[in-house]
Amino acid sequence: MVMSYKKIFENNKKWIEEKLGQDAEFFTKLAEGQAPEYLYIGCSDSRATAEELMGMKPGEVFVHRNIANVVNTLDMSSTAVIQYAVHHLKVKHIIVCGHYGCGGVKAAMTPQDFGLMNPWLRTIRDVYRLHQTELDAIKNEQKRYDRLIELNVQEQCINVIKMAVVQERYILDQYPIVHGLVFDLKTGNLIDLEIDFEKILKDIQKVYDLTDSDWVMSRKQNKNLKD
């Protein structure tokens, strides 16, 4: 038990040596700050690590992870991350990434009491309810499971787009763009669900338009005058 914990520090020393061997100024540069172009919202599953599967380096991706990559607007953790990433870091892309074989989505499909996890899983069960006709028509249980994983990513993308900070920043700067991906553990492939961000934004603004404010309009007008 103790040895497995100490392994972390051994690995850390090797990692430091490796990075300094590649670039003697690596940690000096790392300490100067961050300016990532990507916000990655993914699952906490230990098999799906953000930077590694996208081939990114430290400082290139701002990361938030939770069970089943859920964006619940009542969850202060995910909404605070999105607010900070969009307003302060000014990320250009928000990626919601699920993965096939997701235990959280599987649990949401199971008629069982999961105690404290029930409110969290209810968000995924709501996705099933919204798409029940399509999902119930899929007779193969594994394919139905995979499709719910994809639909969950899609609905979490919509939850991101609903947020005022995302709508406002897009009106002012034409970013961030929201993307939905699924990671296939069996092949290593990242699959782009090709979320139509602009269409979704246009459609949901009939109900969720949070941009008609003096602050946004004045900022947009000033920006147009400068351009």
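Above this note sits the structure.
The rules behind each value
- Residues numbered from 1 in each chain as written.
- Predicted model: local features only at pLDDT ≥ 70, side-chain atom pairs only at ≥ 80, totals over all residues.
- Heavy atoms only, no water.
- Core = buried A, V, L, I, M, F, W, Y, C linked by side-chain atoms within 4.5 Å.
- Buried < 20%, exposed > 50% of the residue type's maximum accessible area, 1.4 Å probe, protein only.
- Helix = DSSP H or I, 4+ residues; strand = E, 2+ residues; numbered from the N terminus.
- Contact = heavy atoms within 4.5 Å.
- Salt bridge = Lys/Arg side-chain N within 4 Å of Asp/Glu carboxyl O.
- Axes fitted to C-alpha atoms, helices over the stretch in contact; angles between N-to-C directions.
- Parallel < 35°, antiparallel > 145°, perpendicular 65-115°, else oblique.
- Left-handed = near helix turned anticlockwise from the far one by under 90°.
- Pairing = 2+ DSSP bridges.
- Phe/Tyr/Trp six-rings, centres within 6.5 Å; stacked < 30°, edge-to-face > 60°.

Got a sec to walk through the nonpolar core? Specific residues and values, please.
Leu39, Ile82, Ile94, Val160 and Val166 are the most contacted members of the largest nonpolar core, which has 45 residues in total. With nine residues, the top contributor of residues to this core is helix α8 (residues 141–162). With residues near it in sequence (within four places) discarded, Ile94 still touches Leu39, Ile41, Val86, Val160, Val166, Pro176, Ile177, Val178 and His179.

Can you lay out the pattern of salt bridges for me, pointing to particular residues and giving the numbers?
Overall, the coordinates contain eight salt bridges when judged by the stated rule. Residue Asp23 pairs with Lys29 through a salt bridge whose shortest N-O separation is 2.9 Å. A salt bridge links Glu141 to Lys106; its shortest N-O distance comes to 3.8 Å. In this pair, Glu141 is assigned in helix α8 and Lys106 in helix α5 (residues 103–108), connecting sequence segments 35 residues apart. Given a relative accessible area of 49%, Glu141 falls into the partly exposed group.

Tell me about the packing of helix α4 (residues 76–87) against helix α9 (residues 164–173), and please be specific about residues and values.
Where α4 meets α9, the closest approach of the two axes is 9 Å, and the angle between their N-to-C directions is 15 degrees. In this view, α4 runs roughly parallel relative to α9, as classed from their interaxial angle. As α4 packs across α9, the resulting crossing turns out to be left-handed. Counted together, Ile82, Gln83, Val86 and His87 of α4 and Val165, Val166 and Arg169 of α9 form the full contact between these two elements.

Tell me what's going on with the sheet that holds strand β5 (residues 190–192), and back it up with residues and numbers.
Backbone hydrogen bonds hold the strands of a sheet together, and the pairing may be parallel or antiparallel. Spatially, β2-β1-β3-β4-β5 is the arrangement adopted by the five strands of the open sheet, whose pairing is mixed. With partners counted over all chains shown, the strands left at the sheet margins are β2 (61–66) and β5, one partner each. Here the average twist between neighbouring strands, direction ignored, is 25 degrees. Pairing geometry for strand β3 (residues 93–99) and strand β4 (residues 177–183), over seven bridges, is parallel. Counterpart to Ile94 in the pairing with β4 is Val178.

Give me the lowdown on the packing of aromatic side chains, citing residues and values where you can.
Counted by the stated rule, this structure contains six aromatic pairs. A centroid spacing of 5.4 Å and a plane angle of 75 degrees characterise the contact between Trp15 and Phe27, whose relative ring orientation is edge-to-face. With Trp15 in helix α1 (residues 2–22) and Phe27 in helix α2 (residues 26–30), the pair connects residues that are twelve residues apart, well separated along the chain. Relative accessible area serves as the criterion here: at 33%, Trp15 is assigned to the partly exposed category.

Report on α9, specifying residues and quantitative values.
Buried residues dominate α9, accounting for eight of its ten residues. Here α9 has its buried residues at Val165, Val166, Gln167, Glu168, Arg169, Tyr170, Ile171 and Leu172. Gln174 occupies a position one or two residues after α9 and carries a positive phi of about 65 degrees.

Such coordinate-based values are descriptive only and should not be taken to indicate function.
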